[in-house]
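Overview (structure and organization)
Spelled out, the chains give:
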Amino acid sequence: MAIPPVPHARRTEAATAVDGPWQDPTLAPEERVADLVSRMTLQEKTAQLYGIWVGADDDGDGVAPHQNDMIDAIDWDGLIPRGLGQLTRPFGTAPVDPAVGAISLARAQQAIADAGRFAIPALAHEECLAGFTAWGATAYPVPLSWGAAWNPDLVAEMAHRIGGDMRSVGIHQGLAPVLDVVRDLRWGRVEETIGEDPYLVATIGTAYVRGLESAGIVATLKHFAGYAASAGARNLSPVRAGARELADVILPPFEMALIEGGARSVMQSYTEIDGVPSAADPALLTGLLRDTWGFDGTVVADYFAIGFLETLHKVAEDRADAARLALRAGVDVELPTVRSYGDELVSAVRNGSVAEELVDRALHRVLLQKCALGLLDPDWSPLPEQLRGAGPEQVRDSIDLDPPENRALARQLAEQAVILLANPGGTLPLSGAGRIAVVGPRADDALAMLGCYSFPSHVGVLHPEVATGIDIPTVLEALRAEFPGAAVDSAPGCEVDGGDTSGIAAAVGLAREADICVAVLGDRAGLFGRGTSGEGCDADDLALPGVQGELLDALLDSGTPVVLVLLTGRPYALGRWADRTAAVVQAFFPGEEGGPALAAVLSGRVNPTGRLPVGVPRDPGGQPWTYLQPPLGLANGVSNLDPTALYPFGHGLSYTSFAWEPGAPAPQEIPTDGSADIELTVRNTGDRAGAEVVQLYVHDPVAQTTRPDSRLIGYARVPLDAGQEARVSFRFHADLVSFTGVGGRRVVEPGALELRLAASSGAADIRHTVRLRLTGPERTLDHRRRLVCGTSVEPVKAAAPARG
């Protein structure tokens, strides 16, 4: 049956009283919204400030409220006459054919328009952390792999494709990217982050925002702020970060993504900082975010976070009090469903405990966003154009959310994110001949490629009767395809976790008979303890999960060279095996094309170019630790514990070699508001194409507050053919070395600096050092400072051969 046009309730007799200038798209949005707000009842106002968690029906009949232990029963028919702010995850709740789901969503939107006086549809949002979280949609590499690729342009292209897929089925808002900077590698959601350095997180995250927004999707920055700095690496644990850590490490990625990226939404964090929950912190959500940074979009609650003010943080007496605290702080929308912003809020306003001005403030922001999305326009239609005039069965299978061009991009990003950590004897690339033993619990499992927020891992595991929806080759399948002339045998050896060692002997026997053993170890993504990585899957330490370490020990004792391949959501301590493996390859949940990408790297068909976005520790204890340490945080003689990473942030090897030559000399002095070009030439001195990642770090020898010994302020990915060279230039500006001074203000102070051109954050990888002095007065800065180090990469033409 064809879907009829969306009815315009404003044209009916019952709706005549709501006609007004707000319907006129030629007027300024502020004027339209002000007129609309003036016509709404209090119940209609609050209805725009919450969502309802729904699931699209696979028959195309509409949506049904999602039910679980954390959600009250929802009277859909009783609620929608008031209007509705958001629809939560219509595609990300259960498997549904994309085209049928789009029709189902459109019918739900039509029902909302029919029921309300103003015919205003809901804004539909979805998760899109590593691809659109919908059945059949492309599963891209997780954010930690984005960081490993060090390629903002490629991440922006991926985000644009994700956004286009979401728009094609009627989604308006995406809950990504995660801009939390890793502070403790044991935290379960490390896989969702981009890395441990704020500049890398900021630049890659901002690229994602630009890509998603360019497709017309509202990007939502999360989690604001400090979520990844939780005490003890426990999910939703208090944060005890000081003001300088907050200002110099935690906040800069959000600042850049808003100011440079143009994100239109922010999700507050579950966490509490120094005893103040983010959802109840007006200094954070209004003072900093809006008054200082000038943000004019919407702040949405992390799921159930407003309720947590009452149930977990214990700063609210009841639901109405939680609503008061959140609205006062600046939380505009309650997600995923109505709990505090519904009837409890209406009653609180009527009895005077919550000012209606707070409701109007949030409502104004919500309606401005709906206006920008066209949801207030008379000609709005709920159905994507390509589906109009058709019924569910006619359109089934007509929308492909995993087309070849998506898969090609997923493959490219996965290939660029694979990191060669060690290759001491040149074992890699493999010859592809003889017998290859592919062992380990991650060798032949498609879900080994996917993070916690991919649809198959997040939702699909709850529906084992439904096909995965996308093709995900395993490492074993990919290696067999990559090496058709080799005998490739496999055995799991053990499970990902648990203590069963009964399969180790068979795996070792297989390895003894082989010429090379590829041991594929790692994580299983899951939720709340059902995995070894993912939300609520925090780790005691950084030892490999389960008995995988015992399996690796036994394989190394077999006498066959072992290539260790890690498919993980966090780095694990590898010092125990550092001098025993033939090679080590790291991939952070590389997505649906991760298996072929790994096989291509192992064969040498693809030269590895990934670099670590987080350091790999030597020992499993001694956390938390990242490379951003002042002198007292480094190895020294006053402690017997050496926290130095086995493989440092920024590390990664190649099958080719590169030579770095300094360029034109930089000035010895620049003013505290000045800039200088830092140049060098990089040449591929090997016999195959590759890519070097040139990293620019700053070392501040003396400062008014302790500073990290080394801190990333710029980078450039430099692809080069064999024998080719390129001139790399960094436009260094003094703003890039600003920090929070003794007085709590961001400053650039005069004095000596070292700019280090390096292949990683490790001291052994510094290629050249540029020493300069900042002169003049100390400067105070704000958010209008330079945030990005400009870079350029210009290929150098090879000299013409001499004539005889």
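In case you missed it, the structure is sitting above this.
I will try to describe carefully the structure that is included in this document. Bear in mind that the values here come from a model prediction, so they are computed numbers and not experimental data.

Let's shift gears to the overall build of the protein chain. Of regular secondary structure, the protein chain possesses 21 helices and 28 strands. Dimensions along the principal axes, computed over C-alpha positions, put the protein chain at roughly 90 × 65 × 65 Å. Looking at the 804 residues of the protein chain, the share that counts as buried comes to 64%. Nonlocal contacts in the protein chain, meaning residues at least 24 apart in sequence, comprise 80% of its contacts between residues at least 6 apart. Summed over all atoms, the accessible surface of the protein chain reaches about 28300 Å², with 49% contributed by carbon and sulfur.

With that settled, consider the packing of aromatic side chains. Inspection of every chain in the model, using the stated rule, returns 14 aromatic pairs. Considering the side-chain rings of Trp-150 and Tyr-715, the 5.1 Å spacing of their centres and the 85° angle between planes classify their relative orientation as edge-to-face. Placement of the pair is Trp-150 in the loop between α5 (143-149) and α6 (152-167) and Tyr-715 in strand β21 (residues 711-720), with a sequence separation of 565 residues. Here the two residues Trp-150 and Tyr-715 agree in accessibility, since each one is buried. On the basis of an interplanar angle of 85° and a centroid distance of 6.1 Å, the ring pair of Tyr-199 and Tyr-715 is categorised as edge-to-face. Within this pair, whereas Tyr-199 is found in helix α7 (residues 198-214), its partner Tyr-715 is found in strand β21, the two being separated by 516 residues in sequence. Accessibility assignment for this pair places Tyr-199 and Tyr-715 in one class, buried. Among the aromatic residues, ring-to-ring pairing joins Trp-150, Tyr-199, Tyr-627, Phe-649, Tyr-697 and Tyr-715 into one connected group. Here the guanidinium or amino end of Lys-222 rests over the ring plane of Tyr-453, the centre of that ring lying 5.6 Å away. Directly above the ring of Trp-660 sits Arg-767, whose terminal nitrogen or CZ lies 5.4 Å from the centroid.

It is worth spelling out the pattern of salt bridges at this point. Taken as a whole and assessed by the stated rule, the structure comprises 43 salt bridges. The closest approach of N and O atoms between Asp-35 and Arg-39, which form a salt bridge, is 3.0 Å. Residue class for Asp-35 comes out buried when judged on its relative accessible area of 14%. You can call Arg-39 partly exposed: its relative accessible area is 27%. The salt bridge involving Arg-785 is made with Glu-255; its shortest N-O contact spans 2.9 Å. Remark: Glu-255 occurs in helix α9 (residues 252-259) and Arg-785 occurs in the loop between β27 (779-781) and β28 (790-796); sequence separation between them is 530 residues. In this structure Glu-255 comes out as buried when scored by relative accessible area, which is 5%. Overlapping salt bridges bring together Asp-402, Arg-407, Arg-411, Glu-592 and Glu-593 as one network.

Turning our attention to the environment of Gly-615. Residue position: Gly-615 is located in the loop between α21 (594-603) and β17 (658-662). A relative accessible area of 8% places Gly-615 in the buried class. Each C-alpha atom, one on Gly-615 and one on Val-276, is 31 Å from the other, the two residues being 339 residues apart in sequence. Ignoring sequence-local partners within four residues, the contact set of Gly-615 consists of Leu-185, Glu-196, Pro-571, Ala-645, Tyr-647, Pro-648 and Phe-649.

What is expected of a backbone is that most residues other than glycine have negative phi and most peptide bonds are trans. Look at the link from Phe-224 to Ala-225: it is a cis peptide, with omega at 5°. With respect to the helices and strands, Ala-225 occurs in the loop between β6 (218-224) and α8 (243-250). The peptide bond linking Leu-335 to Pro-336 adopts the cis configuration, its omega dihedral lying at 5°. One can find Pro-336 in the loop between α12 (319-329) and α13 (343-350). Of note in this structure, Phe-589 is not a glycine but carries a positive phi near 25°. With respect to the secondary-structure elements, Phe-589 resides in the loop between β16 (583-588) and α21. Among the residues examined, Phe-589 registers a relative accessible area of 0% and is labelled buried.

Glancing now at the sheet that holds strand β25 (residues 751-758). Read from one edge to the other, the open sheet built from 5 strands follows the order β18-β26-β25-β20-β21, with strand pairing classed as mixed. The open sheet has two free edges, formed respectively by β18 (669-671) and β21, since each of these has just one partner strand. Within the sheet, the average angular offset between the axes of one strand and its neighbour, ignoring direction, is 25°. With 9 bridges connecting them, strand β20 (residues 690-699) and β21 associate as antiparallel partners. Across the sheet, residue Leu-696 finds its bridge partner in β21, namely Gly-714.

With that out of the way, let us pick up α8. What α8 keeps buried is the set Leu-246, Asp-248, Val-249 and Ile-250. Looking at the buried side of α8, the elements it contacts are α7, α9, β8 (272-273), β23 (739-740) and β24 (746-748).

A separate point is the sheet that holds strand β14 (residues 516-522). Taken together, 6 strands build an open sheet; the order of strands is β11-β16-β15-β14-β12-β13 and the sheet is mixed. Whereas interior strands pair on both sides, the edge strands pair on one side only; in this sheet they are β11 (419-422) and β13 (487-491). Adjacent strand axes in the sheet meet at a mean angle of 20°, parallel and antiparallel pairs treated alike. Relative to β16, strand β15 (residues 562-568) runs parallel, the two sharing 6 bridges. Pairing of Val-563 across the sheet is with Ala-583, part of β16. Packing of helix α20 (residues 548-556) onto the sheet brings it into contact with β12 (435-439), β14 and β15, and relative to β14 it is tilted by some 170°.

Mapped onto the fold, Thr-501 is located in the loop between β13 and α19 (504-512). Residues Thr-501 and Arg-234, 267 residues apart in the sequence, show an inter-C-alpha distance of 29 Å. Ignoring anything within four residues of it in the chain, the contact list for Thr-501 reads Val-547 and Glu-550.

What counts as what
Residues numbered from 1 in each chain as written. Predicted model: local features only at pLDDT ≥ 70, side-chain atom pairs only at ≥ 80, totals over all residues. Heavy atoms only, no water. Helix = DSSP H or I, 4+ residues; strand = E, 2+ residues; numbered from the N terminus. Buried < 20%, exposed > 50% of the residue type's maximum accessible area, 1.4 Å probe, protein only. Contact = heavy atoms within 4.5 Å. Areas by Shrake-Rupley, 256 points an atom, 1.4 Å probe, with all protein chains shown as cover. Phe/Tyr/Trp six-rings, centres within 6.5 Å; stacked < 30°, edge-to-face > 60°. Lys NZ or Arg CZ within 6 Å of the ring centre and 35° of its normal. Salt bridge = Lys/Arg side-chain N within 4 Å of Asp/Glu carboxyl O. Pairing = 2+ DSSP bridges. Axes fitted to C-alpha atoms, helices over the stretch in contact; angles between N-to-C directions.

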